[in-house]
Amino acid sequence: MPGESLAVHPLTFVRQSRGWGKAEFARLMQARGKLLGIPLATNRTTVWKWEQGQEPDSDAQRVLSDLLSVPYERARAEGWPRWLPVWEVTGLTAPWTEAGTVEALADLVGSGRLDRRGFLTITGATLTGLASSWVEAPSAFASAINGDRVTDVMVSTVEQRVSTLRTLDDQVGGARLLEQARGDLSLVTGLLSGGRYTDDIRVRLYALAARTSHLTGWMAYDAGMRSAGQRYYIGALRSARTGGDDAFGAFILAEMGVHVSEAGRTAERVDLISTGIDNAPRRLSPSAQCFLYLHKAEALSRDGDHQRAGTALNRAAALWERQTAGDAPDWLDWFGEAQVKSTEGKVLLRAGQVERATRSLETSVERAAPRDKAVRSSRLAEARLAGGDLNGALDAANYGAALLEDKVSSVRALDRLKEFSSQLEPHRAVPSVREFRERLQAVPVAA
């Protein structure tokens, strides 16, 4: 319901974030209780009841606090379920109101640097619940908080800063620019929480908060900080909804899907992009619709549904043919043929159409910005290797490595080149393969 927190119990979030099913969690509770000398009869039904609102008894909470490494004294002081390690993700618990959005952004500014070992923490029902809440939430604007007046010139200045930062990200990668993006998000959040502004300025500020939070999340993801990146995306989703920009909200859901599918949760990506498409404004430009259907094709392809992926890819291609110069929204002005060909190549490669995939990926790398060249070179190398062209594969991979050595900082690009390197194991005795692997090992970890 609008204005309420997500309908997901904190224990569900904790359990799913650790990859525990109800039965497995019950077994873990029994085993930990045995170690502590506290016999428990916890079973799957018990866990279900807890997640439906029944409070565990004191023995069960003592065992659970030990299992989750939370001091029991803190658990007793804070009470059930507030002591569970989930409430720091304010973006999931704050109400879908203007005040809730500002609270979520302020929390990001204060703690967004934290990353849980690069793993995703927001998945499963929690993630799909977030998407549902985005659909239902109002575009609410409260009275301006007393403070200094925020002028048109001030907002325009920050908008230009963020635009410039996004351009630099394409050139050098997000890892080197992450702190600047965080600083801009802090500035925008401060204007929202303490400024005095007109309704028109308010709309621009929330749009700016959405774009800045997304850019920060994208840079965190590029730097290998998946969990932190996902939290920034939630801030972007909330800001877009508060500002009434459902087109950008659909874009964010598509982007969040990339995170979960790379973590192996491919069906969740299909659900996210489907929610985005089904609830996006009807009058989206052809280029924006093309972007969404490319994500749907990629999601279905990763989930193994190659037939439906092909259908979505064909629709995206038809939409791209209809796009005209200047029809893309401002948040999609970077989107072009290089991105279309990249997704096309990946989908075709998974479907076994190696020759067509290689041609598409070659076009994508050729026309991409430097950071994307570095990222996509590994996929092109993979396609050429699948086609039996070892030398061509090494040419592409070495091209990406050279960019990481001299121009681009992207953990994501380095990780993908390492994945490709593992595919070269059958050719490990080839001198050029050994040379590439040695070169890759020498690339700085902070690439």
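Coordinates for the structure precede this section.
Residues numbered from 1 in each chain as written. Predicted model: local features only at pLDDT ≥ 70, side-chain atom pairs only at ≥ 80, totals over all residues. Heavy atoms only, no water.

1. Quick notes on helix α20 (residues 390-406)
- The end-to-end C-alpha distance of α20 is 24 Å, a good match for the 24 Å that 17 residues give at a rise of 1.5 Å each.
- Of the residues making up α20, those classed as buried are Leu390, Gly392, Ala393, Leu394, Ala396, Ala397, Gly400, Ala401, Leu403 and Leu404.
- Against the buried residues of α20 lie α19 (370-386), α21 (411-423) and α22 (431-442). (Helix = DSSP H or I, 4+ residues; strand = E, 2+ residues; numbered from the N terminus. Expected span 1.5 Å × (residues − 1). Buried < 20%, exposed > 50% of the residue type's maximum accessible area, 1.4 Å probe, protein only. Contact = heavy atoms within 4.5 Å.)

2. Looking at the pattern of salt bridges
- One pass over the structure, following the stated rule, counts 32 salt bridges.
- As a salt-bridge pair, aspartate 184 and arginine 161 come within 2.3 Å of each other at their nearest N and O atoms. Residue aspartate 184 is located in helix α10 (residues 178-194), and its partner arginine 161 is located in helix α9 (residues 152-172); the two are separated by 23 residues in the primary sequence.
- The exposure class assigned to aspartate 184 is buried, which follows from its relative accessible area of 3%.
- On the basis of relative accessible area, arginine 161 is assigned to the partly exposed category, the value being 43%.
- Note that arginine 241 is salt-bridged to aspartate 246, the shortest N-O span being 2.5 Å.
- Among the charged side chains, a salt-bridge network with shared partners connects Asp169, Asp222, Arg371, Asp372, Arg376 and Arg412. (Salt bridge = Lys/Arg side-chain N within 4 Å of Asp/Glu carboxyl O.)

3. Focus: the packing of aromatic side chains
- Applying the stated rule across the entire model yields 12 aromatic pairs.
- Taken together, a centroid distance of 5.8 Å and an interplanar angle of 15° make the contact between tryptophan 20 and phenylalanine 25 stacked. Phenylalanine 25 shares its class with tryptophan 20; the two are buried.
- Ring centres of tryptophan 334 and phenylalanine 335 lie 5.9 Å apart, and the angle between their planes is 80°; on these two criteria the pair is classed as edge-to-face.
- Here phenylalanine 335 falls in the buried class, since its relative accessible area comes to 11%.
- Each residue in the set Phe248, Phe251, Phe291, Trp320, Trp331, Trp334 and Phe335 is aromatic and connected to the rest through ring pairs, giving one cluster.
- Note that arginine 211 overlies the ring of phenylalanine 248, its terminal NZ or CZ placed 4.6 Å from the centroid. (Phe/Tyr/Trp six-rings, centres within 6.5 Å; stacked < 30°, edge-to-face > 60°. Lys NZ or Arg CZ within 6 Å of the ring centre and 35° of its normal.)

4. Some details on the nonpolar core
- The biggest cluster of nonpolar side chains holds 72 residues, and the ones touching the most others in it are Leu192, Leu205, Ile252, Cys290, Leu292 and Phe335.
- Looking at which element gives the most residues to this core, the answer is helix α11 (residues 199-222), with 11 residues.
- Not counting the four nearest positions on each side in its chain, leucine 205 is found in contact with Val150, Val155, Val188, Leu191, Leu192 and Tyr197.
- Among the nonpolar cores identified, the runner-up in size contains 29 residues, and Leu349, Val365, Ala401 and Leu424 belong to it. (Core = buried A, V, L, I, M, F, W, Y, C linked by side-chain atoms within 4.5 Å.)

5. So, the layout of surface pockets
- Empty space within the largest pocket amounts to approximately 990 Å³.
- Top contributing element to the lining of the largest pocket by residue count: α11, with eight residues.
- Tallied by class, the residues present in the lining of the largest pocket amount to 19 nonpolar, 10 polar and 20 charged.
- By volume, the second largest pocket amounts to about 400 Å³.
- Every residue lining the second largest pocket is counted, 16 residues in all, and those nearest its centre are Arg226, Glu262, Asp415, Arg416 and Glu419. (1 Å grid on protein atoms, 1.4 Å probe; cavity = no way out; pocket = protein on both sides within 12 Å on 5 of 7 lines; lining within 4 Å. Points joined across faces, edges and corners; volume = space filled by probe spheres on them. Nonpolar A, V, L, I, M, F, W, Y, C, P; charged D, E, K, R; others polar.)

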